[in-house]
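Commentary on secondary and tertiary structure
Given next are the chains, with one letter for each unit.
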Amino acid sequence: SLRPAGLELGAGGSRAAGSCSGLALRALPPPLSPGTMWLSPEEVLLANALWVTERANPFFVLQRRKGHGRGGGLTGLLVGTLDVVLDSSARVAPYRILHQTQDSQVYWNIACGTCRKEITGHWEWLELNLLQTLSVFDNEEDVTTFVKGKVQGILAEENKNKEVKEDEDSGKFKEAELKMRKLFGMPEVEKLVNYYSCSYWKGRVPRQGWVYLSVNHLCFYSFLLGKEVKLVIRWVDVTQLEKNATLLFPECIKVSIRDREHYLSMFLNINETFKLMEQLANIAMRHLLDNEGFSEDKCLPKLKKSLKNVSALKRDLDARAKNERYRSTFQLPKDERLDGHTDCTLWTPFNKMHIMGQMFVSNNYICFASKEEEVCNLIIPLREVTIVEKADSSSVLPSPLSISTKNKMTFLFANLKDRDFLVQKISDFLQRTPSRRSCSKEELRNPKSTESEVLPEQSEGSSRSSSTSSPGVVLDSTEAAPTATQALMTIFRKEPQEELSSKMAKEKMKEESWKIHFFEFGRGVCMYRTPKTRDLVLKGMPESLRGELWLLFSGALNEMVTHPGYYSDLVQESAGKYNLATEEIERDLHRSMPEHPAFQNEMGIAALRRVLTAYAFRNPNIGYCQAMNIVTSVLLLYCNEEEAFWLLIALCERMLPDYYNTRVVGALVDQGVFEELTREHLPLLYEWMQELGVISTISLSWFLTLFLSVMPFESAVVVVDCFFYEGIKVIFQVSLAVLEANMEKLLNCFDEGEAMTILGRYLDNVCNKQSTSPPIPHLHALLTNGDDIPPQIDIFELIKSSYEKFGSIRADAIEQMRFKQRLKVIQTLEDTAKRSVVRAILTETAFTIEELEELYLLFKAKHLMSCYWGGSSSAAERHDLSQPYLEQYRIDSEQFRELFLALSPWTCGLHSQVLAGRMFRLLDKNKDSLISFKEFVTGLSGMYHGDHIEKLKLLYKLHLPPALWPEEESALEAAQYFVEDPLADVSHATYLLSDMDFLLGYGASDVAAGGEASGQQVQEDAANANTKQKRDEKTASQDYRYHLRMWAHEKENPKENIKELTKMNQEQFIEMCKTLYNMFSEDPDEGELYHAIATVATLLLQMGEVGKLFCSPGSRRANDMGDHRGLGLQNKEGVSAMDQAKTEGAQPKLKADCDILSDTLKTQMERMKLAECVATKRESSAAQLLSDEEVRDDTSMSSYSMVSSGSLPCEDISEDTVLVGSEHVAGGHGRPNSIDTDWSISFEQILASVLTESALVGFFDKRVVVGPKIAKCKSQRVVERQVSSSSDQDLSPSSS
């Protein structure tokens, strides 16, 4: 067979698609659009089964799926139903292109699309660029090979320019994503995570279909026998998400939003679906809470083989869930990422056994967890590893792996499935791990000194000494306060009294027990953590080891040793700086454990100040929150400053998430969890406590301070000991034990105060009989003691009882309840914020509470949509959490335009978009290109509820800077400024003199009767109002309410006087006339309104001409005319006697000219109306061929740019204006062809003129209700469809 010279045929790749000599392709392939894509060629045996051929040529076929689009009959309905039920809708796009040859029965699928317009673009490219080339080939096999190679080359080129994440999704999943975007109008940035087959219960009828879970939305689609069901729910709107089984809904997922509930059932894997829903809802709540939106993980390892139904996003979310469980299990830093895990055994020397479990490997740690819960846990930091080696295998110990550490400990793992790969992986991580000599010294230091020893006497290489003393040295030079380089308890410890000698002996026994434990199980991070470890913790930590053990069990030690010098740098950076957080810290410093001697002097106060300030600068999102001072002061008693700082980080950012932000969300969430646990374990007490409202009152103070503010100090630190080892479950257990111990008394209470007193007195008498420190008077106890002293409760007995009765509470169950409560709490806070905003703005607008709430939800929805899909500013700029609720949510010009078009009562057709831009610029007072809800409602209220004066004033300001951009005015004004002819000024001024006299005569009859009388009435009303206000103020001067009113008036923005408004020039006036014309186009009385506005515009044009004589440029031009004609006597208005004579003679002529002006302006309005009708018909007929992007804006030739050439002065017509009725041009007037820079009109003149026309007054006084607009806006889909109008048009087959 013959082949074109220079053409290489191959199976694929860019070389196979190479160019041929003399047959170079003329164009690049069309870009990959969101709805259409090239496919790696796949063989199709039955090309016409369930497909309809729409276009064909000798090499390609364009087909449409039956059941898609209009028509199709019963066959189409059945195919559409099968597609939905059998997953075809996700797998098969409705359009495709096949490659074929005449003698072959095999077809190749090379492209697919979701809409007709986009697939047609691919088809036309194939016809234009490949048909001529393919006709050269004689062998059909070569044709097929060339086509396949070309398509694969296009795919290779596209993939090279795309991000890596796109390459990981399978073809089937990409088609499902395209289908979702097509069905629900989602943009390309909305990423599908996964989709599942299920049933949606609409009433009592299940609709089988598919649920699509994207990053920001839950969508459902069903098509059964012609009935289509679509559901779109934003994750941020979900108030409850739970999995349950009822008689009516067998094993279903209930998705609740504010106004209704949705049920989804019949999942193939309901657990997987529910977990994914939980993750996506959590991401949405996090976005509402702190603007922490979803961002894909760029470092996610690639799979060797792409999974069919799993997207990269789904893998990303699965990896995140595993990372969170891994970090919480072993208390690791927040940035630690799990690489993988494998089953193995661990040799435990303390009991000479091989324990079954799993090994977890991450960037910086190797961890082990036993299969049986809490039998043995192990954490090995890679910074401590010295040797990793494969030991000899045997039948007793197959595939062993030995890991040695710097502190001479060796860990032996066995039964590893892929030992060689694991060793290689660990070696790779070790090479990337920086060696830290100081870390081993930190962890291998001697136990904390006894009360007479001072820790800073360690060697110079010790990171403990250097890191904590350096900030003290720096601060000593700037502050008089001494710096503590060790735990405050060791500095301020008093000599033990004789009665405490027996307790000191017990304390020594505790220390010996821990030393034995360290010898047997190891010391430091690499300790074997077993049930014996927990037993020792429950018996109480010795005070000399408490700080070390807190650091160890909380995981703070890992972060501290990997960030040496971080705290001292923060202290130096924050020294001398002040903000809101530092002010609050200073206010609370002396309220932090004032009863303890350590905080009765400047040393303890200064240490507390440095730690809190350093953390506020580290994490400005939290900054400082009340209760942090109490917790931090206790940490400083047992740790030095740097250790207390890292413990505070562990508390605020890992162990008590969201507890210490501005809205204490975490504490509210755990309060809800506590209520749920109370209902489960103490149901009888729960019902009674709910009636009294006690649980919500007590739990916040208990959780926020870990009982430190409600128990005696010596007892509360024992609870803190258990908390650092076990986590939040200890707090729940102790809280339940306290309620259970007081159940009988609480059930006999009759009000909240009595219940609070019972619980307060109980906690005041929880004592620590083993404490070696002198008892510290508890402030709460001093305030609540009564006559009868209740018995004391031993803290160790209370903790033991809590473990015996409520120890079955599991950490994973708490996390599940936290998720459920987090949805409820955040949505409740959002509702509270909405009510606060509505209350704050209610008095400033005439909208009702219900209308404001609906408007707030629409405004917030636009804000969130801009955060999802991008905009002109970042999410942090739009949602500033530091601002009050009224200013938090903000939108940019694009979102405002959409809301304005949907809600504005002024419908101006295409001109509405221009008006929206002007309104946005008018409301954007601070020029940050964002407006708040308050600004939005202020503008909207002016259009809906203002009287005719307020509405006209708003319309007037919309046509002045800054609302009217200079670019919107004609550029002729700037151009003519530099080429202005002085002689033209003379002739122009001569002409204007006669105009003035004409208007004086005209005004005696019409203007005086209408406009001036109305203007005078307005001024008289204003004067009367001012007089009445002064009289009221005088009579009420002795009343205190007068001063309140005056204060309120000072707070309000002063009302703008209409006399202070800037005058409008001729260009701006013409723009205002255009706007009014467009506003009237859809009014039932448009004919009368057109006549009225023509009359008013004619009058105002004449008034503007007269006004030029009273401005300084007019006087200058009159003087110039005097220079040309000789000086003469002038009257008091500055008009010479000669000019006055000429004016009187020209008066009849001017009157005739103005009649022509009035007639032509009316004719112009009628022709503008006619032109708009014609243009509308043309646009509607052309809508099938034009996309949204091809619609011209208002600067193009639109209806209102067609101006009669005889209706307005020539200088009023810009370059892009189409002249209609050129026969009316009054060439004899001699007017210059330039912009009239002296013409101006005031708002008072416009108002007075409008008041002469009852039709215009009635139009602006017409009452308009916003409710229908809101209802229409809500009835539309949450996501606006972005499908072009031509996508569903029928295409006739074309011959090639």
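Refer to the structure above for everything that follows.
Below, the structure is looked at part by part.

Thresholds, definitions, all that
Residues numbered from 1 in each chain as written. Predicted model: local features only at pLDDT ≥ 70, side-chain atom pairs only at ≥ 80, totals over all residues. Heavy atoms only, no water. Buried < 20%, exposed > 50% of the residue type's maximum accessible area, 1.4 Å probe, protein only. Helix = DSSP H or I, 4+ residues; strand = E, 2+ residues; numbered from the N terminus. Pairing = 2+ DSSP bridges. Salt bridge = Lys/Arg side-chain N within 4 Å of Asp/Glu carboxyl O.

Before going further, it helps to examine the pairing of strand β3 (residues 60-65). Across the six residues that make up β3, a large majority, six, are buried. Bridge analysis of strand β2 (residues 51-56) against β3 gives five bridges, and the strand direction is antiparallel. The residue of β3 that forms the bridge with R55 is L62. Counted between consecutive antiparallel strands, the loop separating β2 from β3 contains three residues. Here β3 runs beside strand β4 (residues 95-99); their pairing, made up of five bridges, is antiparallel. Considered in β4, the bridge of Q63 is made with R96.

The element strand β15 (residues 365-370) is largely enclosed, with a buried count of six among its six residues. Of the two faces of β15, the one carrying Y365, C367 and A369 and the one carrying I366, F368 and S370 are both buried. Two strands pair when backbone bridges link them, and strand β14 (residues 353-362) and β15 are joined in this way by five bridges, in the antiparallel orientation. When the sheet's bridge partners are listed, F360 is paired in β15 with C367. Bridge count for β15 against strand β16 (residues 377-381) is five bridges, and the pairing is antiparallel. In the sheet register, Y365 faces β16, and the bridge partner there is P381. In this structure, the hairpin formed by β15 and β16 is closed by a connection of six residues, where E374 is found at a positive phi of approximately 65°.

Moving on, we come to the pattern of salt bridges. Pairing between side chains becomes possible if they bear opposite charge and their charged atoms approach one another. In this structure the tally under the stated criterion is 41 salt bridges. A salt bridge links D670 to R818, with the shortest nitrogen-to-oxygen separation between them at 2.8 Å. Note that D670 is positioned in helix α24 (residues 665-681) and R818 in helix α33 (residues 811-842), a separation of 148 residues in sequence. The same class applies to D670 as to R818, namely buried.

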